[in-house]
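# Results of the structural survey
What follows is each chain in one-letter form.
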Amino acid sequence: MIFKFSKMQCCGNDFMFVDAITQKAFFSPELIRKLADRHFGIGFDQLILVEPPFDPEVDFHFRIFNSDGTEVQIGANAAACFIHFVIEHKLTAKNDLLVSSASRLLEVKLNEDGSVRVNVGAPSLAPEDIPYASLHTSDTYPFRFKDGEELSHSVVSMGNPHAVFFVDDLKKIPLEKYGKEVESDEKFPEKVNVSFVKIESEHEITLKLFERGCGVTLANGTCACASCVSGIISGKLSSPVKVNMPGGTAQIEWKGGRDPVFMTVSEISRVYDGTFSV
């Protein structure tokens, strides 16, 4: 069978989008890994399946698969690309969407200037929501790396798990090595997204990112959200926060408590359309 797809990106975080409304599509983990290969396949951080909603109050459902073939709960950058995809492919004429994912509903709005504002939902620091193996809830926890370095980190759920490390010098962080160690640590039974954060000012941070199931990435929307939540709770940051990532920038707003986190991004584009056969 031949399938149509679109390659899209948000701040360098790239996706393979497949319309599973007008096409019937099934992707095994092996096929996803093959397609995700950047030398012999299409190459992407995540595969996104656009599906009909399960709830009549919802516009669409979307499924998210990492490049290693594992399915994950949520993607904020994917949601930002999502609204562009469904409008460009004439699956909707609406500029405000309510979209369901595996873990929560996302409100997504396409602004007149082409930027996208995503209501990512409320964060949680409760270990059982991450999940994280701890008997108590704390703002920070210690992590000892194999080379003897010890850094403190926070844990945040944005509907998916995050570990956030604030550091003075990002250049001294061996990102792939440290990212793999944290991602696969036994205290994170479902693995974890890892952010190393440098504070530039009360309203600006710079990130290095290691995405669960993908590795080093140029951007990650929920990592940006989790990093800001952690910084605001600890008093290091104040909303709104400009987040600098290797592939682009996002603005994060959060009032605190159980209020939702909002992400606005503008660096979104369709890279190309194509077909593949299985």
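Structure first, text after, so check above.
Now for a description of the structure that goes with this document. (Residues numbered from 1 in each chain as written. Predicted model: local features only at pLDDT ≥ 70, side-chain atom pairs only at ≥ 80, totals over all residues. Heavy atoms only, no water.)

## So, the overall build of the protein chain
Broken down by element type, the protein chain carries four helices and 18 strands. A compact globule built from 278 residues would reach a C-alpha radius of gyration of about 19 Å, and the protein chain, at 18 Å, matches this within 12%. Taken over the C-alpha atoms alone, the protein chain extends approximately 50 × 40 × 35 Å along its principal axes. Considering the protein chain as a whole, with its 278 residues, one finds that 55% of them fall into the buried category. Once local pairs closer than 6 in sequence are excluded, the contacts in the protein chain between residues at least 24 apart make up 60%. The averaged location of the 38 negative side-chain charges in the protein chain is 3 Å from the averaged location of its 28 positive side-chain charges. (Helix = DSSP H or I, 4+ residues; strand = E, 2+ residues; numbered from the N terminus. Rg over C-alpha atoms; globule rule 2.2 N^0.38 Å. Buried < 20%, exposed > 50% of the residue type's maximum accessible area, 1.4 Å probe, protein only. Contact = heavy atoms within 4.5 Å. Lys, Arg positive; Asp, Glu negative; His and termini not counted. Charge placed at Lys NZ, Arg CZ, Asp CG, Glu CD.)

## Here's the deal with the nonpolar core
In terms of nonpolar packing, the biggest core is built from 56 residues, with Phe17, Phe62, Phe82, Val120, Val243, Ile252 and Met263 touching the most fellow members. If you tally residues by element for this core, the top one is helix α2 (residues 76-88), at nine residues. Excluding residues within four positions of it along the chain, Val120 makes contact with Ile74, Ala76, Arg104, Leu106, Met158, Thr222, Cys225, Val261 and Met263. Formed by 20 residues, the second largest nonpolar core is a distinct cluster that contains Tyr141, Ile173, Phe188 and Phe196. (Core = buried A, V, L, I, M, F, W, Y, C linked by side-chain atoms within 4.5 Å.)

## A look at the side chain of Asn119
Structurally, the position occupied by Asn119 is in strand β8 (residues 116-121). Of note is the side chain of Asn119, whose polar atom sits 3.0 Å from the backbone nitrogen of Gly121. Contacts of Asn119, omitting those with residues within four sequence positions, involve Leu105, Leu106, Glu107, Pro260, Val261 and Phe262. (Polar contact = N/O pair within 3.5 Å; in protein donor to acceptor, adjacent residues only side chain to side chain.)

## A few points about the side chain of Asn244
Within the secondary structure layout, Asn244 lies in strand β15 (residues 241-245). In this structure the side chain of Asn244 is engaged in a polar contact, spanning 3.5 Å, whose partner is the side chain of Thr206. Beyond its immediate stretch of four places on either side in the chain, Asn244 contacts Glu204, Ile205, Thr206, Leu207 and Thr249.

## As for helix α3 (residues 175-183)
Regarding α3, the residues found buried are Leu175, Tyr178, Gly179, Glu181, Val182 and Glu183. Where the residues of α3 are buried, they touch β9 (141-144), β11 (161-166), β12 (193-201), β13 (204-211) and β14 (215-217).

## Focus on the state of the cysteines
For the structure shown, the criterion picks out zero disulfides. Take Cys10: it sits in no disulfide, and the sulfur closest to it among the cysteines is that of Cys11, at 4.1 Å. Owing to a relative accessible area of 0%, Cys10 belongs among the buried residues under this scheme. (Disulfide = S-S within 2.5 Å.)

## Concerning unusual backbone geometry
The omega torsion across Ile130 and Pro131 is -5°, close enough to zero to call that bond cis. Looking at the secondary structure, you find Pro131 in the loop between β8 and β9. The phi torsion at Lys90 lies on the positive side, around 60°, for a residue other than glycine. Here Lys90 shows up in the loop between α2 and β6 (96-100). In this structure, Lys191 takes a positive phi of about 65° despite not being glycine.

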